[in-house]
Amino acid sequence: MLGLYLHRESPVHALPAGWKLAGLAVAATGVFFVADLALLGGALVACLGLFALARLPARTAADQLRPLLPILLVLFAAQAVFADWQTAAVVTARVCLLVLLSALVTLTTRASDMIETLERVLGVLRPLGVNAGKLSLMLALTIRLIPVLFDLVQEIRMAQRARGVERSALALLVPLLVKTLRMADTLGDALEARGYDPR
C-alpha cells in the first residue's frame with residue numbers, strides 16, 4: 001500500500017519533507033469536509049498528476065491500491081446498502097485519495113528526511129517529557145514497515161496456495177506473527193549496532 005522511497009529527479013522529490021508532510025496533514029483533514037463526488041474525482045486526477053510529475057509510472061499508483069481492493073469493495077457495498085451509491089462513491093474516493101497521497105509522500109521522501117522533520121516538529125513537546133527523537137523514529141518506522149508487512153502477507157499467501165491451505169486464517173496469522181517478530185529482532189539489532197540510544 002505505502003511504497004518505499006524511489007529516487008527520481010523531480011520537483012516532488014525536491015520539495016522539502018516538511019512541506020510534503022504538512023500538505024498531507026492538510027489534505028487528510030480537508031478531504032473529510034468534501035462531499036462532492038466531482039471535486040473528489042478532480043482531486044484524484046490531480047493526485048495522479050502529482051505521480052506523473054514525480055516521474056512515477058501509473059503502475060506504481062495502481063500498486064498502492066491493489067492490496068486494498070477487497071476492502072474498498074466491501075466498504076462501497078456496505079455504504080451503498082445502508083446509505084446510497086453516491087455516499088458509497090464519496091467514502092471510497094476519500095479512502096483512495098488518502099492512500100495515494102500517503103504513498104506519494106513515502107515514495108518521494110527519504111526516511112532520514114522524514115525522521116528529521118518529525119523530530120523538529122515534535123521538539124515542541126520536549127517540555128512535557130516527550131522524547132521527540134524516539135517518537136519520530138517510531139512514526140517513520142511504522143510508515144515504512146507497512147509495505148513490508150503487505151509483502152510478507154503476499155509471500156505467505158503464495159506459500160498457502162502451493163500447500164492448498166489458502167482459506168485457513170490460522171495458516172496466515174501464525175507465520176505472519178513469526179516473521180514479524182523476527183523482523184523486529186533484526187531491526188532492533190540493526191539499531192543497536194548503529195549506536196541507537198533508547199533513552
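Please refer to the structure placed before this passage.
All of these numbers come straight from a predicted model, not from anything done at the bench.

Chemist: How would you explain the environment of Asp113 if you had to name every residue and give the values?
Modeler: Of note, Asp113 is situated in helix α7 (residues 111–122). Classification of Asp113 by relative accessible area gives partly exposed; the value is 31%. Considering only alpha carbons, one finds Asp113 and Pro16, 97 residues apart in sequence, at a separation of 8.3 Å.

Chemist: Hey, could you go over the side chain of Thr108 for me, with residue numbers and the actual values?
Modeler: You can see Thr108 is positioned in helix α6 (residues 85–108). By relative accessible area, which is 2% here, Thr108 ends up buried. Filtering out sequence-adjacent residues up to four positions away, Thr108 remains in contact with Tyr5, Val12, His13, Lys20, Ala54 and Leu56.

Chemist: Go over the pattern of salt bridges, please, and point to the residues and values.
Modeler: Opposite charge on two side chains permits pairing when their charged atoms draw close. Going through the model one piece at a time under the given rule, you end up with three salt bridges. In this structure, Glu116 engages Arg120 in a salt bridge whose closest nitrogen and oxygen atoms are separated by 3.3 Å. Taken as a pair, Glu116 and Arg120 lie in helix α7 at a separation of four residues, close to a single helical turn. The class for Glu116 is partly exposed, based on a relative accessible area of 47%. Arg120 sits in the exposed class, given a relative accessible area of 55%.

About the thresholds
- Residues numbered from 1 in each chain as written.
- Predicted model: local features only at pLDDT ≥ 70, side-chain atom pairs only at ≥ 80, totals over all residues.
- Heavy atoms only, no water.
- Helix = DSSP H or I, 4+ residues; strand = E, 2+ residues; numbered from the N terminus.
- Buried < 20%, exposed > 50% of the residue type's maximum accessible area, 1.4 Å probe, protein only.
- Contact = heavy atoms within 4.5 Å.
- Salt bridge = Lys/Arg side-chain N within 4 Å of Asp/Glu carboxyl O.

Geometric values such as these leave the question of function open.
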